[in-house]
2 protein chains.
Amino acid sequence: MPQKVRIALDAMGGDVGASVVVPGAAISLSRHPDSEFLLVGDRAQIEPELAKHPALKAVSKVIHTDVAVKNDEKPSQALRRTRRASSMWLAIDAVKHGEADVAVSAGNSGALMAMGSLNLRTLPGVDRPALAAVWPTLRGDSVVLDLGATIGGDARHLATLAVMGSAMASVLFNLERPTVGLLNIGSEEMKGHGEIREAAEMLRAMNSTQFNYIGFVEGDAIGKGLADVIVSEGFSGNIALKAAEGTARQMFTLLREAMSSSWLARIGYLLARGAFQKLRDKLDPNKSNGGLLLGLKGVVVKSHGGTNAEGFAYAVDVGYEMAHFDLLTKINQMLNRDGSALVQAQTAQEAVS
Amino acid sequence: MPQKVRIALDAMGGDVGASVVVPGAAISLSRHPDSEFLLVGDRAQIEPELAKHPALKAVSKVIHTDVAVKNDEKPSQALRRTRRASSMWLAIDAVKHGEADVAVSAGNSGALMAMGSLNLRTLPGVDRPALAAVWPTLRGDSVVLDLGATIGGDARHLATLAVMGSAMASVLFNLERPTVGLLNIGSEEMKGHGEIREAAEMLRAMNSTQFNYIGFVEGDAIGKGLADVIVSEGFSGNIALKAAEGTARQMFTLLREAMSSSWLARIGYLLARGAFQKLRDKLDPNKSNGGLLLGLKGVVVKSHGGTNAEGFAYAVDVGYEMAHFDLLTKINQMLNRDGSALVQAQTAQEAVS
């Protein structure tokens, strides 16, 4: 019999904590019955919720702490105040000590990245972590990274993102050789920052058997699904994500307004309700909930803070799949193969400069 | 009687040239009868089109050239090959020599920016030009810049963008003191690049009577309409624009699919057709056609290359309004007042470093 997947949950993370985290875990468990949970947080809040979900209770252990990272706390403050004590830190700690295969938190993103990096450390060959997520496109799903874990970075950093994103895409979408595009402005060779052009050369030179570098892509390529993996440094990646989210929300609002602007439109809406629901499902931010912190010696999933139980369950699902399909080993393998090419590229470059 | 607004059109620009440019000008003329046109391009292509629009013909002069910038040409190539000869160059030249108040082109963006900069030169106090456009939001329209004219730039560059964007917003939306936000990732003070934080300090210190700096905004703030002017360096600005365009297109496609997925949905669509049309109008990319090259000693409007006559007419409208309300004088006034604060800020900074 295969091993269980052990998932550590920060039960105090997010806008509401245990009352979303516990029922979310219960939903995910119903989809993946081979899960086990470590619920880290205030026992007094967790246990009443757990009592409502006997199946979850049967496969869960509670680790008590009443220290929680605040949502508006600066990462440095959170580290000083709650290191080794908060539910967030202890959930990550469980991964570090092999008591869990993955940690999931809906808490403060900055603090989660800081604690993840500090406690788990980065993988050999990785300088700084990245935040990756699944982006629904017109041709299925793509992996987009970095969505804001690290600002800036040199060509080697971008190439490492390409390798890690490819590992994630091949595990998640079961692809032999995912396509990779570098986010840039304009597809002409002369545009963009120097480090992006350099990264392009590096990726082309690697000529990897594990991913297929297809060149520069512009911001609208993401929604079109032009590549399985879209690579950007964290600043632009975050801007792209937020601009797209803002546009989607704007369009839903305008659509709602339009659909209630006249009696005819309202009747039309009622008739087409099923179709609208399908559209909503396809672009449901809950369903693409679950950003992955990549590049650490352990898997950490970041859920939206304002999500509901259904949405949190999707983040737990992402954690389950990454652990079940052993993303970490895949990333390590790819970094060892393609990563050595990266290290050589860097060394050659340093020798020149 | 007030002066006419004289508009120079690159009649060879865009995917099709004169057959879009000429009817587009005719549409804009019907909205602004006090316009006059210089149509620059191949007489053999322009005149048959002009013959179909007698009202336009009556207020137009043709400047003949059969040299056109190619859509896929690199800016440096375009400059070498067509400087002082192409329809694009000559349209800009008409502005330089005071024969036109504004130039409009649907041609190659990179070439237009290069030729605009080289021929018109930047205004005193402006280092590099910016591309600004009107962005439809949930609370009306906002001005967003730079959408890709200049990659990177220091704090002073960003502050100059804020001043120029405010000038454009106050002219275009008739605002006393438009609100200005700096595009960043996360609204916490500690995030983002150093130059953005520095620009924030500069804008706060300026305490301008002509615009109201409201702080950092994230990518989703654009669609929400949280500020009248959103300022970013050109790389991230372009990524934001393209990501938003991609998402809008993606949603329209999914909506169309959903609305034809069943008979009920199709009937619903027919009933709600008016409402859909309203939504489409609100987000019609044609209607927000017309990016403005800011920071030059002359006004140049960039239209989408793939637009139709209706869309090109909107770009001409933008040019008309900017000339009619004398944007250039407004920018110069604001740069002289607030710009001197910028120069002082820079000098103080240089003295320290």
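This is a predicted model, so every value here is computed, not measured.

### A look at the relation of the copies chain A and chain B
Phase 1: Mapping chain A onto chain B calls for a screw motion: a turn of 180° about the axis and a shift of 0.0 Å along it, with 0.0 Å RMSD after fitting. Here the copies are linked by what is in effect a two-fold axis. Of every C-alpha in chain A, the one belonging to A:Gly268 sits nearest the axis of rotation, 1.9 Å from it.
Phase 2: A shared binding surface is used by both copies, with 98% of the interface residues of chain A retained as interface residues in chain B.

### A look at the interface of chain A and chain B
Phase 1: Counting residues at the interface gives 55 residues for chain A and 54 residues for chain B.
Phase 2: On the chain A side of the contact with chain B, A:Ile185, A:Phe235 and A:Met251 bury the most area, a combined 14% of that side's loss.
Phase 3: Viewed at the interface, chain B and chain A are joined by 4 salt bridges.
Phase 4: Where chain A touches chain B, the interface holds 6 residue pairs in polar contact (both at pLDDT 80 or more).
Phase 5: When residues of the side of chain A that touches chain B are traced back to their parent elements, those giving at least two are β5 (130–137), α9 (220–224), α10 (234–259), α11 (263–271) and α12 (273–282) of chain A.
Phase 6: Take the side of chain A that touches chain B: its biggest share by element is 22 residues, from α10(A).

### Section: helix α4 (residues 75–82) of chain A
Phase 1: Along α4(A), the residues that are buried comprise A:Pro75, A:Ala78, A:Leu79 and A:Thr82. End-on, the buried residues of α4(A) take up no more than an arc of 105°, which puts them together on one face.

### Quick word on the sheet that holds strand β11 (residues 299–302) of chain A
Residue and element names in this part refer to chain A.
Phase 1: One open sheet accounts for 11 strands, arranged β3-β2-β1-β4-β11-β10-β5-β6-β9-β7-β8; its pairing is mixed. The open sheet is flanked by β3 (60–64) and β8 (212–217), the only strands paired with a single partner. For this sheet the average axis-to-axis angle between neighbouring strands, irrespective of direction, equals 25°.
Phase 2: Bridging between strand β7 (residues 179–183) and strand β9 (residues 229–231) involves 3 bridges; their strand directions are parallel. Paired with Val180 across the two strands is Val229, which belongs to β9.

### Description of the pattern of salt bridges
Phase 1: Counted under the stated rule, the structure contains 18 salt bridges over all chains.
Phase 2: Via salt bridges that share partners, A:Arg31, A:Glu310 and A:Asp317 belong to a single interconnected network.

### Concerning a negative patch on the surface
Residues and elements named next belong to chain A.
Phase 1: There is a patch of like negative charges on the surface, built from Asp127, Asp154, Glu195, Glu198 and Glu201.
Phase 2: Following the sequence through the fold, Glu198 ends up in helix α8 (residues 194–206).
Phase 3: What makes Glu198 partly exposed here is its relative accessible area of 33%.

### Focus: the environment of A:Asp220
Phase 1: With respect to the helices and strands, the residue A:Asp220 is situated in helix α9.
Phase 2: In sequence terms A:Asp220 and A:Gly116 are 104 residues apart; their C-alpha atoms lie 31 Å from each other.
Phase 3: When residues no more than four places from it in sequence are discounted, the contact partners of A:Asp220 are B:Lys242, B:Ala243, B:Gly246 and B:Arg249.

### Some points on the packing of aromatic side chains
Phase 1: Following the criterion strictly, the structure yields 3 aromatic pairs over all chains and no others.
Phase 2: Considering the side-chain rings of B:Tyr269 and B:Phe276, the 4.9 Å spacing of their centres and the 35° angle between planes classify their relative orientation as tilted.
Phase 3: A relative accessible area of 7% places B:Phe276 in the buried class.
Phase 4: A connected cluster of aromatic rings, assembled from ring pairs, spans A:Tyr269, A:Phe276, B:Tyr269 and B:Phe276.
Phase 5: Over the ring of A:Trp263 we find A:Arg266, and its NZ or CZ is 4.7 Å from the ring centre.

### A few points about the side chain of A:Thr82
Residue and element names in this part refer to chain A.
Phase 1: Summarising the element assignment, Thr82 is placed in helix α4.
Phase 2: Of the residues examined, Thr82 reaches a relative accessible area of 0% and is grouped as buried.
Phase 3: Ignoring any residue separated from it by four or fewer positions in sequence, one finds Thr82 in contact with Val67, Ala68, Val69, Trp89 and Met115.

### Examining a positive patch on the surface
Phase 1: On the surface, A:Arg83, A:Arg84, A:Lys96, A:Arg121 and A:Lys297 cluster together into a patch of positive charge.
Phase 2: Position of A:Lys297 relative to the elements: it lies in the loop between β10 (291–294) and β11.

### Let's talk about the confidence of the model for chain A
Phase 1: For chain A, mean pLDDT is 90; residues scoring 70 or higher make up 93% of the total.
Phase 2: This stretch, residues 347–353 of chain A, has a pLDDT under 50; its non-local contacts, to residues over four places away or in other chains, come to 2 contacts.

### Some remarks on the side chain of B:Asn119
Residues and elements named next belong to chain B.
Phase 1: The topology assignment puts Asn119 in helix α6 (residues 109–120).
Phase 2: Exposure remark for Asn119: the relative accessible area of 3% places this residue in the buried category.
Phase 3: In terms of polar contacts, Asn119 uses its side chain to reach the side chain of Lys96, at 3.3 Å.
Phase 4: If near-sequence neighbours (up to four positions away) are discounted, Asn119 is found in contact with Trp89, Ile92, Asp93 and Lys96.

Cut-offs and rules
- Residues numbered from 1 in each chain as written.
- Chains lettered and ligands numbered in written order.
- Predicted model: local features only at pLDDT ≥ 70, side-chain atom pairs only at ≥ 80, totals over all residues.
- Heavy atoms only, no water.
- Least-squares fit on C-alpha atoms with pLDDT ≥ 70 in both.
- Contact = heavy atoms within 4.5 Å.
- Buried area = accessible area lost by both parts, 1.4 Å probe.
- Salt bridge = Lys/Arg side-chain N within 4 Å of Asp/Glu carboxyl O.
- Polar contact = N/O pair within 3.5 Å; in protein donor to acceptor, adjacent residues only side chain to side chain.
- Helix = DSSP H or I, 4+ residues; strand = E, 2+ residues; numbered from the N terminus.
- Buried < 20%, exposed > 50% of the residue type's maximum accessible area, 1.4 Å probe, protein only.
- Arc of directions from axis to C-beta.
- Pairing = 2+ DSSP bridges.
- Axes fitted to C-alpha atoms, helices over the stretch in contact; angles between N-to-C directions.
- Patch = residues over 30% accessible without salt bridge, like charges linked within 9 Å, V, L, I, M, F, W, Y side chains within 5 Å.
- Areas by Shrake-Rupley, 256 points an atom, 1.4 Å probe, with all protein chains shown as cover.
- Lys, Arg positive; Asp, Glu negative; His and termini not counted.
- Charge placed at Lys NZ, Arg CZ, Asp CG, Glu CD.
- Phe/Tyr/Trp six-rings, centres within 6.5 Å; stacked < 30°, edge-to-face > 60°.
- Lys NZ or Arg CZ within 6 Å of the ring centre and 35° of its normal.
- pLDDT = per-residue confidence, 0-100.

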